[in-house]
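Close look at the chain arrangement
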Amino acid sequence: MTTATDALMPYDEVLERFDPVLGLEVHVELGTATKMFCGCPTAFGAPPNTQVCPTCLGLPGSLPVVNGVAVESAVRIGLALNCTIVDWCRFARKNYFYPDIPKNFQISQYDEPIAVDGRFDIELEDGATFRVRIERAHMEEDTGKSLHVGGSTGRIHGAEYSLLDYNRAGVPLIEIVTKPITGTGARAPEVARVYVAALRDVLRGLGVSDVRMDQGSLRCDANVSLMPKGATEFGTRTETKNVNSLRSVERAVRHEMQRQAAVLAAGGTVVQETRHFDENTGFTRPGRVKETAEDYRYFPEPDLVPVAPDTEWVIGLRKALPEPPAERRRRVQTDWDLSDLELRDMVNAGALDLITATVDAGAPAAQARSWWMSYLSQEANTRGIELAELPITPVEVARVVALVAEGGLTNNLARQVVDGVLAGEGTPDEVVESRGLAVVSDDSSLVAAVDEALAAQPDVVEKVRGGKVAAAGAIVGAVMKATGGKADAKRVRELVLERCAQ
Amino acid sequence: MNELVRSTASELAALIHSGEVSSAEVTRMHLERIAAVDPEIHAFLHVAGDAALSTAAEVDAALAAGEQPRSPLAGVPLALKDVFTTVDMPTTCGSKILDGWQPPYDATVTARLRAAGVVILGKTNMDEFAMGSSTEHSAFGPTRNPWDTRRVPGGSGGGSAASLAAFEAPLAMGTDTGGSIRQPAALTGTVGVKPTYGGVSRYGLVACASSLDQAGPCARTVLDAALLHEVLAGHDPLDSTSIDEPVPAVVDAVRRGAQGDLRGLRVGMVKEFAGDGYQPGVQGAYRAALDQLSALGAELVEVSCPHFDYALAAYYLILPSEVSSNLARFDGMRYGLRVDNGAATAEEVMAATREAGFGAEAKRRIMLGTYALSSGYYEAYYGQAQKVRTLISRDFTAAFTKADVLVSPTAPTTAFPIGEKVDDPLAMYLNDLCTIPANMAGNTAMSVPAGLAEEDGLPVGLQIMAPALGEAVMYRVAAAFEAARDAAEGGPLFRRVPGLEVPA
Ligand SMILES: [Zn+2]
């Protein structure tokens, strides 16, 4: 068995000698309230085996009933990927024995998927467009989860015992399969990553899934093969599973290219197998070696009737699709007058939706962008979380922007309000109230504070009067400190200069 | 023998609902009968005496309080095939692999019976996972035919059919995948109905072959079967293959049929189901039945269904294929039998459990099906069999343009001795030659007693087949035939079951 010490060919050399071919299979867990074939809830993180019933446990006598919302999601995904939605399709049984699959078959779709022949244009980092052709999108049910206890590797072999949680069993999945992706050359790893990222954006825009790679609601299997330069036949492929982040998708593809190239260059042959990606080492390792090829003995699921999407219904769903993310980006770039770099930064930070929503809530685009891209981005960085995971909503950010515009807050105070919201102290208005952050706009109290500060620092007053206007900053600072930052610094400065001139 | 246990379900219902006899009394009599004869018959795998008496008491209390009966069968006892899930009784399907399993949910059939106030006496014996034609493939020992206890009662629902013939229950539930309701009915001189596929919910019916399985009523009279049919049938949102259409009015159809007039009705005799391989006494009873139908005014026409000749072969590809998948879940991981034998891996536990838990016939069909679905063989076997299935449906469609119902013997022979065919699968499979086409096409069919075979004095069944959702015309013909046959022979066939009297 090969290990993490697999030989790797330098990447540049790989590209001189081989052309990579990719095939990406993405599993999306739908965000439906109930499972694919029963009424059990799908919420993530519930105590083990609390979201189960006879059907998703596969108890004798139980029967599946198709979740109509899941079918609708599948159709919308198909449409968003420019697929043909078939007018008739069936479920099939995929038969294999494994403890996390309660019936020892998975209800899936085989040769009659609901969506076929799509295309999906993605934008690479340099702005070039790359077209990925979609083979199919089909519906299936998820498996349960096994926890292998006692072994060194957390795998079934060598484990003392295994625990099974069937909460996930029967959760609706859509599997999206690309046609072989060729012509990427050196950019194969990037294409893989950008494809998954773009797909994630589309799925998020459709609202069909929370697309969390870390929680497994978006999972990617990467098929990689190499063919010698000039060859026309594809090489033997491997399928790398367990790729749980965008970065890992890129690393896994790159690693497989380098590993396979080394194998081929040494006169070896690539073994068609399932490999697992190790996030820590960046290496792939082979899955369990099977003595015989898996024969899933697919046949049409006799417990379900065919699914026949009504043409009018599909047309209606197509009309109601949200604007595709790529088009939306182009529109936003024009509307907000952004450079390519600015746009890319926003997209990469996952800020586009948030900024748009903030603008929709009434904030000017420039301020909305500034909040999310600087202060809040830093905060998310500090906390080590995604921007979208910050406990503040676009509507709240828009309210803070409005308070500043109305003159009720200074920028400095606005940051304190945002800090309060992030700390869970309530809405911006509640934070202003509870922290007492309203701007002091009554000049008489400010004048008193300014006079006090001037009296305390006669030397500075002298300097200002001597023409060193910059020295006024010290007085302004003192006033701001005395007023707890509530004063409008610009007005304080004006007052300081006025009083000094008298 | 207490006269109550010889009564029909409709007679018992009338007595109970008028207050002449309590359901508790009726139930007690049947439990006593079971206690007396079941050690010999072995129709039951589980008797739920206390639960039955408590259901009966509830029905009695409701009636005493002046409530209307919850259904025309409220208070009447029933024997439930051990293939329907029940929260208060084990469900074994006649298999060691489910020995002791108590389901956490009721089948829709079970729930509808309970809602109708039907008193469930217990669970009846069957061939393992409904695979067999003699009930000899039960892991818990064979059921004996009350007409001759050295013989089989048919299968897979031999327990349900025998419980009727032995007067242990006036009603029973069966499931019919290739004849498992009709063939035992024929071999025990009782009535058995396979409704249209989708007519009765399969939810909670432990699957044999999903596309062929259909639950249906078993009784001693056509009227009783119809009364039970109406309790069971109707759309169930938990079964995607259940038909969302009004339930055919079968009780009305029976009352109409009992008037004995079949003028204007065309009865098609299936040409392929006659001749070699059919026991002379079966042929004799069948011909007598045809004469009776003709005397009732029906027009007899000969129809040909050429693809019925291929039905058995195609059935033994489709059924095992589905079985191999449906029975995959029995692996010792979650419920039922678990055989460890010091196994090191989950796979080894699964293999050891299945090796120990399944009987020979189950294993045979699992292997056949696994092979038929294998890559490279799928088209030649499963694919071809599905094409034959389509051709059989077309034969039916064509035949039903010439006739309103089709008839044939239900089974080629009368009840055979225990042990005679158990080691000869092909001989066993031939039992279902006439019944399989209706499962393949999904239309409705039933068996009604047609008299006794001359050479052995054992019951013969007349099979009546009708189009999908054509239950009304089928029941009408059955009721007319039953009334005429009873009149000609001086009473119902079931009155002639040998005593089975137990010494006091
Ligand atoms: Zn469930």
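Since this is a predicted model, take the numbers as computed values, not measurements.

**Remarks on the overall build of chain A**
- For chain A, the count of helices and strands is 16 helices and 14 strands.
- Relative to the globule expectation of 23 Å for 502 residues, the C-alpha radius of gyration of chain A, 29 Å, shows a markedly less compact shape.
- A burial count over chain A gives 48% of its 502 residues as buried.
- Within chain A, contacts between residues at least 6 apart in sequence are counted, and of these 69% link residues at least 24 apart.
- When the accessible area of chain A is evaluated, it comes to approximately 23,200 Å², of which 50% is carbon and sulfur surface.
- Charge centroids of chain A, computed over 54 positive and 71 negative side chains, lie 2 Å from each other.

**Focus: the overall build of chain B**
- Each helix and strand counted, chain B has 17 helices and 11 strands in total.
- The C-alpha atoms of chain B give 21 Å as radius of gyration, which agrees with the globular expectation for 504 residues (23 Å, within 12%).
- Considering only C-alpha atoms, chain B reaches an extent of 65 × 55 × 45 Å along its principal axes.
- Contacts spanning at least 24 positions in sequence make up 76% of the contacts within chain B whose residues lie at least 6 apart.
- Here chain B displays about 16,400 Å² of accessible surface, and carbon together with sulfur accounts for 53% of that area.
- In chain B, the 38 positive side-chain charges and the 58 negative ones have mean positions that sit 3 Å from each other.

**Overview of unusual backbone geometry**
Residues and elements named next belong to chain B.
- With an omega of 10°, the peptide bond running from G155 to S156 counts as cis.
- Here S156 is to be found in the loop between β3 (119–124) and α6 (158–165).
- Backbone geometry places F129, a non-glycine residue, at a positive phi of 50°.
- Locating F129 in the fold gives a position in the loop between β3 and α6.
- Positive phi is not limited to glycine here, since N341 has a value of about 45°.
- Residue position: N341 is located in the loop between α11 (311–326) and α12 (346–357).
- Of the residues examined, N341 reaches a relative accessible area of 69% and is grouped as exposed.

**Focus on the nonpolar core**
- Ranked by internal contacts, the top residues of the largest apolar core, which has 141 residues, are B:L113, B:F129, B:M173, B:L462, B:I464 and B:Y475.
- Not counting residues within four places of it along the chain, the set of residues in contact with B:F129 comprises B:C93, B:S95, B:I97, B:L98, B:V206, B:C208, B:L327, B:F330 and B:F358.
- Within the second largest apolar cluster, 72 residues are counted, among which are A:V14, A:V86, A:L199 and A:V208.

**Here's the deal with the coordination of the zinc ion**
All names here are of chain A.
- The protein atoms donating to the zinc ion are C38 (SG), C40 (SG), C53 (SG) and C56 (SG), with metal-donor distances spanning 2.2 to 2.4 Å.
- The coordination sphere of the zinc ion comprises 4 donor atoms, whose angles at the metal cover 100 to 115°; the geometry is tetrahedral.
- Mapped onto the sequence, the residues coordinating the zinc ion show the spacing C-x1-C-x12-C-x2-C.

**Examining the packing of helix α6 (residues 325–336) of chain A against helix α7 (residues 340–348) of chain A**
Residues and elements named next belong to chain A.
- Axis separation between α6 and α7 bottoms out at 11 Å; the angle between their running directions is 125°. By the criterion of interaxial angle, the relationship of α6 to α7 is oblique. Like other packed secondary-structure pairs, α6 and α7 cross with a definite hand, here right-handed. Here α6 contributes R329, Q333 and W336 to the contact with α7, which in turn contributes D340, L343, M346 and V347.

**Structural notes on the sheet that holds strand β3 (residues 92–95) of chain A**
- Reading across from one edge, β4-β3-β14 (chain A) is the order of the 3 strands in this open sheet, with antiparallel pairing throughout. Both outer strands of the open sheet, β4 (105–108) and β14 (299–300) of chain A, are each paired with one neighbouring strand and no more.
- Of the strand pairs in this sheet, β3(A) and β4(A) are connected by 4 bridges, and their pairing is antiparallel. When the sheet's bridge partners are listed, A:K94 is paired in β4(A) with A:Q106.
- Strands β3, β4 and β14 of chain A of the sheet are contacted by α11(B), whose axis makes an angle of about 60° with β3(A).

**Looking at the side chain of A:S377**
Residues and elements named next belong to chain A.
- Mapped onto the elements, S377 comes out in helix α9 (residues 365–383).
- Among the polar contacts listed, one links the side chain of S377 to the backbone oxygen of W372, at a separation of 2.7 Å.
- Ignoring anything within four residues of it in the chain, the contact list for S377 reads W371, W372 and L387.

**Details of empty space enclosed by the protein**
Residues and elements named next belong to chain A.
- Within the structure shown, the criterion is met by 6 cavities of 30 Å³ or more.
- In this structure, the largest cavity spans a volume of roughly 110 Å³.
- Residue lining of the largest cavity: 15 residues in total, with T55, L63, P64, K103 and I107 positioned closest to the centre.
- Residues that form the lining of the largest cavity fall into these classes: 7 nonpolar, 3 polar and 5 charged.

**Description of the interface of chain A and chain B**
- Between chain A and chain B, the residue contacts involve 32 residues of the former and 40 residues of the latter.
- Of the roughly 2,700 Å² buried between chain A and chain B, counting both surfaces, carbon and sulfur atoms make up 58%.
- Applying the counting rule to chain A against chain B returns 1 salt bridge.
- Between A:D303 and B:R202 there is a salt bridge whose closest N-O contact spans 3.0 Å.
- The interface formed by chain A and chain B includes 18 residue pairs in polar contact (both at pLDDT 80 or more).
- Looking at the side of chain A that touches chain B, the elements with two or more residues in it are β3 and β14 of chain A.
- A breakdown of the residues in the side of chain A that touches chain B according to their chemical character gives 20 nonpolar, 6 polar and 6 charged.

**Some thoughts on the domain arrangement of chain A**
- Split into domains, chain A comes out as domain 1 (11–312), domain 2 (323–435) and domain 3 (443–501).
- Measuring from the centre of the C-alpha atoms in domain 1 of chain A to the corresponding centre in domain 3 of chain A gives 65 Å.

**Quick notes on the sheet that holds strand β9 (residues 172–178) of chain A**
Residue and element names in this part refer to chain A.
- Read from one edge to the other, the open sheet built from 9 strands follows the order β2-β5-β6-β9-β1-β10-β11-β12-β13, with strand pairing classed as mixed. Sheet topology places β2 (84–85) and β13 (284–286) at the edges, where each strand pairs with a single neighbour.
- By the bridge criterion, 4 bridges tie strand β10 (residues 218–228) to strand β11 (residues 238–243) in an arrangement that is antiparallel. Each residue of the ladder has a partner; that of A222, found in β11, is T240.
- Contacts between helix α4 (residues 246–265) and the sheet are confined to β1 (18–29), β10, β11, β12 (274–277) and β13, with β10 contributing the most and set at about 30° to the helix.

**Notes on the pairing of strand β8 (residues 299–303) of chain B**
Residue and element names in this part refer to chain B.
- With 5 bridges connecting them, strand β7 (residues 266–270) and β8 associate as parallel partners. Looking across to β8, one finds that V270 is bridged to V303.
- Between β7 and its parallel partner β8, the chain crosses via helix α10 (residues 280–295), and the hand of that crossover is right-handed.

Criteria and cut-off values
- Within each chain, residue numbers correspond to sequence positions counted from 1 in written order.
- Whichever chain is written first is A, and whichever ligand is written first is 1; the rest continue in order.
- Under the rules for a predicted model, residues below a pLDDT of 70 receive no local features and side-chain atom pairs below 80 are neither given nor counted, while totals for whole chains, interfaces and linings still include all residues.
- The basis for every side-chain value is the complete set of non-hydrogen atoms in the structure, without hydrogens or water.
- We count a stretch as a helix when DSSP gives it H or I for four or more residues in a row; a strand needs E for two or more, and each element gets its number in order from the N terminus.
- Within these notes, the globule rule equals 2.2 Å times the number of residues to the 0.38 power, and the radius of gyration is based on C-alpha atoms.
- Burial classification: accessible surface area is computed with a 1.4 Å probe over protein chains only, and a residue below 20% of its type maximum counts as buried, one above 50% as exposed, and the rest as partly exposed.
- For this analysis, residues touch if any pair of their heavy atoms sits within 4.5 Å.
- Throughout, the Shrake-Rupley method with a 1.4 Å probe supplies accessible areas, and for residues the shown protein chains are the sole cover considered.
- When charges are tallied, Lys and Arg are placed among the positive residues and Asp and Glu among the negative ones, while His and the ends of the chain are skipped.
- For charged residues, the charge sits on one atom: NZ in Lys, CZ in Arg, CG in Asp, CD in Glu.
- Residues belong to a common nonpolar core when they are buried Ala, Val, Leu, Ile, Met, Phe, Trp, Tyr or Cys residues joined through side-chain atoms within 4.5 Å.
- The donor set comprises N, O and S atoms within 2.8 Å of the metal, extended to 3.2 Å for Na, K and Ca; water molecules are omitted, so apparent gaps in a site may simply reflect that omission.
- Irregular is the default label, applied whenever a site is not tetrahedral (four donors, all angles between 85 and 135 degrees) and neither square planar nor octahedral (four or six donors, opposite donors over 155 degrees apart, all other angles between 65 and 115).
- A fitted line through C-alpha atoms serves as each axis, taken over the contacting stretch for helices, and the angle formed by two N-to-C directions is quoted from 0 to 180°.
- By the definition adopted for this analysis, an angle is roughly parallel if under 35 degrees, roughly antiparallel if over 145, roughly perpendicular if from 65 to 115, and oblique otherwise.
- Here a crossing is called left-handed whenever its near helix is offset anticlockwise from the far helix by less than a right angle, and right-handed whenever the offset is clockwise.
- Criterion used throughout: strands pair if DSSP finds at least two bridges between them.
- As used in this structure description, the phrase polar contact means that two N or O atoms lie within 3.5 Å; if the pair is within protein, one of them must be able to donate a hydrogen and the other to accept it, and residues adjacent in sequence are counted only when both atoms belong to side chains.
- The way it works is a 1 Å grid over only the protein atoms, where trapped points that fit a 1.4 Å probe form a cavity and open points with protein on both sides within 12 Å along at least five of seven lines form a pocket, and then any residue with an atom within 4 Å of a point lines it.
- Grid points are joined across faces, edges and corners, and a volume is the space filled by probe spheres set on the points.
- Residue type decides the class: Asp, Glu, Lys and Arg count as charged, Ala, Val, Leu, Ile, Met, Phe, Trp, Tyr, Cys and Pro as nonpolar, and the leftover types, Gly among them, as polar.
- Buried area: the accessible area, evaluated with a 1.4 Å probe, that two parts lose upon being put together, summed over both parts.
- By definition here, a salt bridge exists when the distance from a side-chain nitrogen of Lys or Arg to a carboxyl oxygen of Asp or Glu is within 4 Å.
- Annotation comment: domain bounds sourced from an automatic or database domain assignment.
- The handedness of a crossover follows from its direction of travel: if, with the strands pointing away from the viewer, the path from the first strand over the helix to the second runs clockwise, the crossover is right-handed.

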